[in-house]
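Residue strings, one per chain:
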Protein chains: 2
Amino acid sequence: MINRLTARIRELNAPVVVGLDPMLSYIPEQVKAAAFAQYGETLEGAAEAIWEFNRTIVDAVQDQIPAVKPQIAMYEQFGIPGLAAYQKTVAYCREKGLVVIGDIKRGDIGSTSAAYAAGHLGHVQVGKNRFAPFAEDFATVNPYLGTDGIKPFVDVCREEKKGIFVLVKTSNPSSGEFQDRCIDGRPLYEWVGEKVAAWGEEAMGEAYSYVGAVVGATYPKMGEVLRRLMPRTLILVPGYGAQGGKAEDLAPYFNPDGSGAIVNSSRGIIAAWKQEKYASYGALAYGEAARQAVTDMIEDIRSALGCQ
Amino acid sequence: MINRLTARIRELNAPVVVGLDPMLSYIPEQVKAAAFAQYGETLEGAAEAIWEFNRTIVDAVQDQIPAVKPQIAMYEQFGIPGLAAYQKTVAYCREKGLVVIGDIKRGDIGSTSAAYAAGHLGHVQVGKNRFAPFAEDFATVNPYLGTDGIKPFVDVCREEKKGIFVLVKTSNPSSGEFQDRCIDGRPLYEWVGEKVAAWGEEAMGEAYSYVGAVVGATYPKMGEVLRRLMPRTLILVPGYGAQGGKAEDLAPYFNPDGSGAIVNSSRGIIAAWKQEKYASYGALAYGEAARQAVTDMIEDIRSALGCQ
């Protein structure tokens, strides 16, 4: 899957992933009204609105981008119906040929991580039958518990040719509180980055490892150091756009050959229709607005990387 | 909820929580066969077996203990039907008067943590209606992203009178890889512990804060230091029993008055029927075996704490 993802990034010349993190406030009133008319103002109604919204966005952008990243929390908050919409979204995106990065940020002690890895990237056995319940291609994983919380994910990745992105340096304002603290002269995120590189050696694809890293666009100097520390690690870069990361800051996340990173934007794409810049599309053409926002984002990144 | 939990611990003189982490291998063949007869060897069949198993365990032990801790990964691995069994288990335990600690170990950037907090401890709004999708009383939370990943949980806790347990020092063998690294002369887990105490000051119950901590039974010396650093923090102590933590190591986790900690056992209770010690109950009396294992655990802890 890592080979497929890097190949698709190259073919499309688009190191871009669209975050499918639908808040109800991003969904046009008409879409919500139609869902509520069918299911009422219920969790099922919210889930239906999210699913319809996602489907339109995905149909509009699917040929432009290699991957999507649904944030499971935005679905999980609507309980079982919300999680069913997550699962449906994952399946639909894979049908369309998109690589799906499940932004689930799971991580626990070994036996528990093994259960998450099976349910999201692998298979579970029930009697004589095997099932792949959520079936994402990649998942994001939290490293706080150390190697034995990560290894079950790596094992499943090797078996199923899937991948993970381990949180190294996150994009949020207070990420430095623990991640930047100095240990033997170097910040914690560098120690985590080194471990990610080491875990990744056990699960190498062609150019990059099945074990990737998350490094926020909001911290480009740290991105530069981490790029060097993890030369064969694909870096998933959140924080571009709405969170404040700028295209001119992205170069350090890439290797000299222009590969090695994929940049996420969520709100900036899926809620583009709410921005002044794309307002002329009108609420009901939110798919077209998202498509234009993806075009603009790809342009922005290509020009910042000097590979237009 | 923290006041209710500490009161129930005191009333029962039982600082004990039973982890409802059902693996299919813990469930007697007859229970699985009945579920599979109804739903086939499917995810629905697995979920039904888990639910029946949980119900019997809960009925058997509910008057002995203040709280249960379902580990969501064990349900999530069976997809949507598994998560529906989790939700049903949470609701059933609350009906029985048990405090429910959802072992979900979520944690993300602010807006995403807010969604997890709403879905698990709070409410979501859909049109004019409000829903509490998972409705646990407490949730476990990962601190790697710092204050802005925790604060949305604390806000919901204050509003809903619920609680969280933040991972400070986990029970697994490689927890020290990052958590024990030294920062300005003190290990990371102490810095996290100090933050937990600070976050907790914003959300105080009577004796303890709504913001608790997870500190593994397998590291009693660290437990002693953390107890001092977080005097008004309830400590959730996993790792007793099957993971190797012993009762005589538990004293440091408690305050001098005997309050301040709650000790979890999962496998040791729910799969007691598979242990030689309880084998005489037979597979179908797994509820009674669990009840006896709880009695023995409470005895073991009381005698180690000298409060028999």
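Values in this document were obtained by computation on a predicted structure and should not be read as measured data. (Residues numbered from 1 in each chain as written. Chains lettered and ligands numbered in written order. Predicted model: local features only at pLDDT ≥ 70, side-chain atom pairs only at ≥ 80, totals over all residues. Heavy atoms only, no water.)

Visitor: Which residues make up the overall build of chain A, and what values do they have?
Guide: Scanning chain A for helices and strands turns up 12 helices and 12 strands. The C-alpha radius of gyration computed for chain A amounts to 19 Å, which stays within 12% of the reference 19 Å derived for 308 residues, consistent with globular compactness. With the C-alpha coordinates of chain A rotated into their principal frame, the extents come out at 60 × 55 × 35 Å. Buried positions account for 62% of the 308 residues belonging to chain A. The long-range share in chain A, meaning contacts at least 24 apart out of those at least 6 apart in sequence, stands at 71%. Counting 31 positive and 36 negative side-chain charges, chain A places the centres of these two groups 3 Å from one another. (Helix = DSSP H or I, 4+ residues; strand = E, 2+ residues; numbered from the N terminus. Rg over C-alpha atoms; globule rule 2.2 N^0.38 Å. Buried < 20%, exposed > 50% of the residue type's maximum accessible area, 1.4 Å probe, protein only. Contact = heavy atoms within 4.5 Å. Lys, Arg positive; Asp, Glu negative; His and termini not counted. Charge placed at Lys NZ, Arg CZ, Asp CG, Glu CD.)

Visitor: Describe the pattern of salt bridges, listing the residues and the values that go with them.
Guide: All names here are of chain A. For the structure on display, the rule yields 40 salt bridges over all chains. For the salt bridge of Lys277 with Asp296, the shortest nitrogen-to-oxygen distance reads 3.5 Å. Of this pair, Lys277 sits in the loop between α11 (267-270) and α12 (286-305) while Asp296 sits in helix α12; the two residues are 19 residues apart in sequence, bridging distant segments of the chain. Among the residues examined, Lys277 registers a relative accessible area of 58% and is labelled exposed. (Salt bridge = Lys/Arg side-chain N within 4 Å of Asp/Glu carboxyl O.)

Visitor: If you had to explain the relation of the copies chain B and chain A to someone new, which residues and values would you point to?
Guide: Between chain B and chain A, which share one sequence, the superposing operator has a rotation angle of 180° and an axial displacement of 0.0 Å; the RMSD is 0.0 Å. Such a turn and shift between the copies fits a two-fold axis. For chain B, the minimum C-alpha distance to the rotation axis belongs to Ile183 of chain B and amounts to 2.6 Å. Same-surface contact between copies: 100% of interface residues of chain B are shared with the interface of chain A. (Least-squares fit on C-alpha atoms with pLDDT ≥ 70 in both.)

Visitor: Before we move on, can you summarise the packing of aromatic side chains with the specific residues and values?
Guide: Under the defined criterion, the tally for this structure stands at 10 aromatic pairs over all chains. A ring pair is formed by Tyr75 of chain A and Tyr86 of chain A, whose centres lie 5.3 Å apart and whose planes are at 65°; its orientation type is edge-to-face. Here the residue Tyr75 of chain A occupies a position in helix α4 (residues 73-76), and Tyr86 of chain A occupies one in helix α5 (residues 79-95), the gap between them amounting to 11 residues. Overall, Tyr75 of chain A belongs to the buried group, its relative accessible area being 0%. Joined through ring pairs, the aromatic side chains of Tyr75, Tyr86 and Phe134 of chain A make up one cluster. We note Arg186 of chain B situated over the ring of Trp191 of chain B; from NZ or CZ to the ring centre the distance is 4.8 Å. (Phe/Tyr/Trp six-rings, centres within 6.5 Å; stacked < 30°, edge-to-face > 60°. Lys NZ or Arg CZ within 6 Å of the ring centre and 35° of its normal.)

Visitor: Outline the sheet that holds strand β1 (residues 16-20) of chain B, supporting the account with residue identities and numerical values.
Guide: Residue and element names in this part refer to chain B. Judged by pairing direction, the barrel is parallel, and its 8 strands sit side by side in the order β1-β2-β3-β6-β7-β10-β11-β12 before closing back on the first. Neighbour to neighbour, the strand axes of the sheet diverge by 30° on average, direction disregarded. Where strand β7 (residues 163-169) lies against strand β10 (residues 211-215), 5 bridges are found, and the strand directions are parallel. The residue of β10 that forms the bridge with Val166 is Ala213. Across the sheet, helix α10 (residues 220-229) touches β7, β10, β11 (235-237) and β12 (261-265), and the angle it forms with β7 is around 130°. (Pairing = 2+ DSSP bridges. Axes fitted to C-alpha atoms, helices over the stretch in contact; angles between N-to-C directions.)

Visitor: Residue-level account of the nonpolar core, with values.
Guide: In this structure, Ile164 and Leu250 of chain A together with Ile164 of chain B are the most contacted members of the largest nonpolar core, which totals 233 residues. Ignoring any residue separated from it by four or fewer positions in sequence, one finds Leu250 of chain A in contact with Ala217, Val237, Tyr240, Val263, Ile301 and Leu305 of chain A. (Core = buried A, V, L, I, M, F, W, Y, C linked by side-chain atoms within 4.5 Å.)

Visitor: Explain the pairing of β10 of chain B to me, using residue names and the numbers behind them.
Guide: Remark: a regular strand shows side chains that alternate across the two faces of the sheet. All names here are of chain B. Of all 5 residues in β10, 5 are buried, a share of seventy percent or more. A two-sided burial pattern is seen for β10, the buried positions comprising Val211, Ala213 and Val215 on one face and Gly212 and Val214 on the other. Regarding topology, α10 serves as the crossover connection from β10 to the parallel β11, and that connection is right-handed. (Right-handed = clockwise from strand over helix to strand, strands pointing away.)

Visitor: Could you give an account of the pairing of strand β3 (residues 99-106) of chain A, naming the residues involved and the relevant values?
Guide: Residue and element names in this part refer to chain A. The buried count for β3 comes to 8 of 8 residues, which makes it a mostly enclosed element. The pairing of strand β2 (residues 67-70) with β3 spans 2 bridges and is parallel. Bridge assignment links Val68 to a residue of β3, and that residue is Val100. Pairing analysis gives 3 bridges linking β3 to strand β6 (residues 138-141), with the strands arranged parallel. Looking at β6, one finds that Arg106 is bridged to Val141.

Visitor: Describe the interface of chain B and chain A, with residues and values.
Guide: With 68 residues of chain B at the interface, the matching set in chain A holds 68 residues. Here chain B meets chain A over a buried area of about 5800 Å², counting both sides, of which 61% is carbon and sulfur. Of all residues in chain B, Glu41, Tyr144 and Phe178 of chain B give up the largest surface area on contact with chain A, accounting jointly for 16% of the area buried on that side. Connecting chain B to chain A are 10 salt bridges. Of the charged contacts in the structure, one is a salt bridge between Glu177 of chain A and Lys195 of chain B, with a shortest N-O distance of 4.0 Å. The interface formed by chain B and chain A holds 33 residue pairs in polar contact (both at pLDDT 80 or more) in total. The residue makeup of the side of chain B that touches chain A, split by class, is 34 nonpolar, 23 polar and 11 charged. (Buried area = accessible area lost by both parts, 1.4 Å probe. Polar contact = N/O pair within 3.5 Å; in protein donor to acceptor, adjacent residues only side chain to side chain. Nonpolar A, V, L, I, M, F, W, Y, C, P; charged D, E, K, R; others polar.)

Visitor: Residue-level account of the side chain of Asp137 of chain A, with values.
Guide: All names here are of chain A. Mapped onto the secondary structure, Asp137 falls in the loop between β5 (129-131) and β6. Exposure remark for Asp137: the relative accessible area of 1% places this residue in the buried category. Polar contacts involving the side chain of Asp137 include one to the side chain of Arg94, which spans 3.2 Å.

Visitor: Describe the layout of surface pockets, listing the residues and the values that go with them.
Guide: Considering only enclosed or pocket space, the largest pocket measures out at about 510 Å³ in volume. Residue lining of the largest pocket: 31 residues in total, with Gln243 and Arg267 of chain A together with Ile109, Ser111 and Thr112 of chain B positioned closest to the centre. Listed by contribution, the elements that provide at least two residues to the lining of the largest pocket are β3, β12 (261-265) and α11 of chain A together with α6 (110-120) of chain B. In terms of residue count, the dominant contributor to the lining of the largest pocket is α6 of chain B (3 residues). Class assignment of the residues belonging to the lining of the largest pocket gives a composition of 10 nonpolar, 15 polar and 6 charged. (1 Å grid on protein atoms, 1.4 Å probe; cavity = no way out; pocket = protein on both sides within 12 Å on 5 of 7 lines; lining within 4 Å. Points joined across faces, edges and corners; volume = space filled by probe spheres on them.)

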